[in-house]
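Remarks on the overall topology
This is what each chain is made of:
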Amino acid sequence: MERSAETLVLAILLISTAIVLVKCENEGEDSSFVECELNLRHRKQKVSQLHFYLYDNPAGSNPTAVPIAKAAMTEKSATQFGLLAVADDPLTVGAEQTSKLIGRAQGMYASDSKQEWNLLLAMHYTFIEGKYNGSSISVLGMNHVSTQDRELTVVGGTGIFRMARGYAMTKAIYNNFTTGEALIQYNVTVFHY
Ligand SMILES: *[C@@H]1O[C@H](CO)[C@@H](O)[C@H](O)[C@H]1NC(C)=O
Ligand SMILES: *[C@@H]1O[C@H](CO)[C@@H](O)[C@H](O)[C@H]1NC(C)=O
Ligand SMILES: *[C@@H]1O[C@H](CO)[C@@H](O)[C@H](O)[C@H]1NC(C)=O
């Protein structure tokens, strides 16, 4: 493929991300693919520390999580291997359910271990508070439910958390393995721009 002439674009400010592109090249005749250099002098990395509680309850009359699929052997498995659930869990400032709501964790989790209680989480945590209102972080990875202290990976985000990376340290404050009801404390560290 023939490379088109190099285009020099000075200081294109992408509104809202404050990412300054200094030099861009088109590949091919159209501009479907454009590669640019970044001017990092104008790009400050920030770190946000988030602290909240997540409440997940698959039981009761108003569940926050519902199983949507399972395998024939899931019922017989001690770890509910093969269970897939969709959750819409409240995130609150304090541990009490009456505490101020600051966001919701929505997405899916799947039981993916035959030996231990492990969940593969694929969820976005969207906040409604102050300048974080409408911004979200995405968590993808293993949630080792059998241990009290766990670590989750933050793989991206939107809004304030665009291009985010980070991790969440979580702790089960309450866990009922019969009903699945759980209250989890979260300390999240997110690097973003
Ligand atoms: C968050 O944003 C929504 C939609 O823009 C708005 O309706 C709501 O009032 C905002 N909440 C807060 C706490 O600022
Ligand atoms: C979160 O941070 C608080 C305050 O530093 C600490 O007391 C708590 O143990 C931490 N929890 C987790 C799950 O890391
Ligand atoms: C779990 O929930 C069930 C039903 O509400 C209750 O009977 C049981 O005592 C709970 N177990 C624990 C460990 O809290």
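Scroll up to find the structure.
The following paragraphs examine the structure supplied in this document. Every value quoted in this text rests on a predicted model; they were computed, and no experiment measured them.

With that settled, the discussion passes to the overall build of the protein chain. The helix and strand inventory of the protein chain stands at 0 helices and 12 strands. Each helix (α) and strand (β) of the protein chain, taken in turn from the N terminus, gives the series β-β-β-β-β-β-β-β-β-β-β-β. The proportion of buried residues among the 193 residues of the protein chain is 38%. The long-range fraction of contacts in the protein chain, counting pairs at least 24 apart against all pairs at least 6 apart in sequence, stands at 43%.

Unusually for a residue other than glycine, Gln80 sits at a positive phi of about 50°. By the secondary structure assignment, Gln80 is in the loop between β5 (65-69) and β6 (84-92). Using a relative accessible area of 31% as the deciding quantity, one classes Gln80 as partly exposed. In this structure, Met163 takes a positive phi of about 65° despite not being glycine.

Of the strand pairs in this sheet, strand β10 (residues 149-158) and strand β11 (residues 165-175) are connected by 6 bridges, and their pairing is antiparallel. Among the inter-strand pairings, Arg150 is bridged to a residue of β11, identified as Thr170. Linking two consecutive strands that pair antiparallel, namely β10 and β11, is a turn of 6 residues; a positive phi of about 65° is found at Gly159 within it. The pairing of β11 with strand β12 (residues 182-192) spans 10 bridges and is classified as antiparallel. Paired with Tyr167 across the strands is Thr189, a residue of β12.

Right, let's talk about the environment of Gly82 for a bit. Within the fold, Gly82 resides in the loop between β5 and β6. For the pair formed by Gly82 and Ala110, sequence separation is 28 residues and the distance between their alpha carbons is 6.8 Å. Apart from the residues lying within four places of it in its own chain, the contact partners of Gly82 are Ala69, Lys70, Ala71, Thr74 and Ser111.

This next bit is on the packing of aromatic side chains. Scanning the entire structure with this criterion turns up 6 aromatic pairs. Taken together, a centroid distance of 5.5 Å and an interplanar angle of 15° make the contact between Tyr132 and Phe161 stacked. Of this pair, Tyr132 sits in the loop between β8 (118-127) and β9 (136-144) while Phe161 sits in the loop between β10 and β11, and the two are 29 residues apart along the sequence. Among the residues examined, Tyr132 registers a relative accessible area of 24% and is labelled partly exposed. Using a relative accessible area of 0% as the deciding quantity, one classes Phe161 as buried. The structure contains a cluster of three or more aromatic residues connected by ring pairs, namely Phe52, Tyr125, Phe127, Tyr132, Phe161 and Tyr186.

What counts and how
Residues numbered from 1 in each chain as written. Chains lettered and ligands numbered in written order. Predicted model: local features only at pLDDT ≥ 70, side-chain atom pairs only at ≥ 80, totals over all residues. Heavy atoms only, no water. Helix = DSSP H or I, 4+ residues; strand = E, 2+ residues; numbered from the N terminus. Buried < 20%, exposed > 50% of the residue type's maximum accessible area, 1.4 Å probe, protein only. Contact = heavy atoms within 4.5 Å. Pairing = 2+ DSSP bridges. Phe/Tyr/Trp six-rings, centres within 6.5 Å; stacked < 30°, edge-to-face > 60°.

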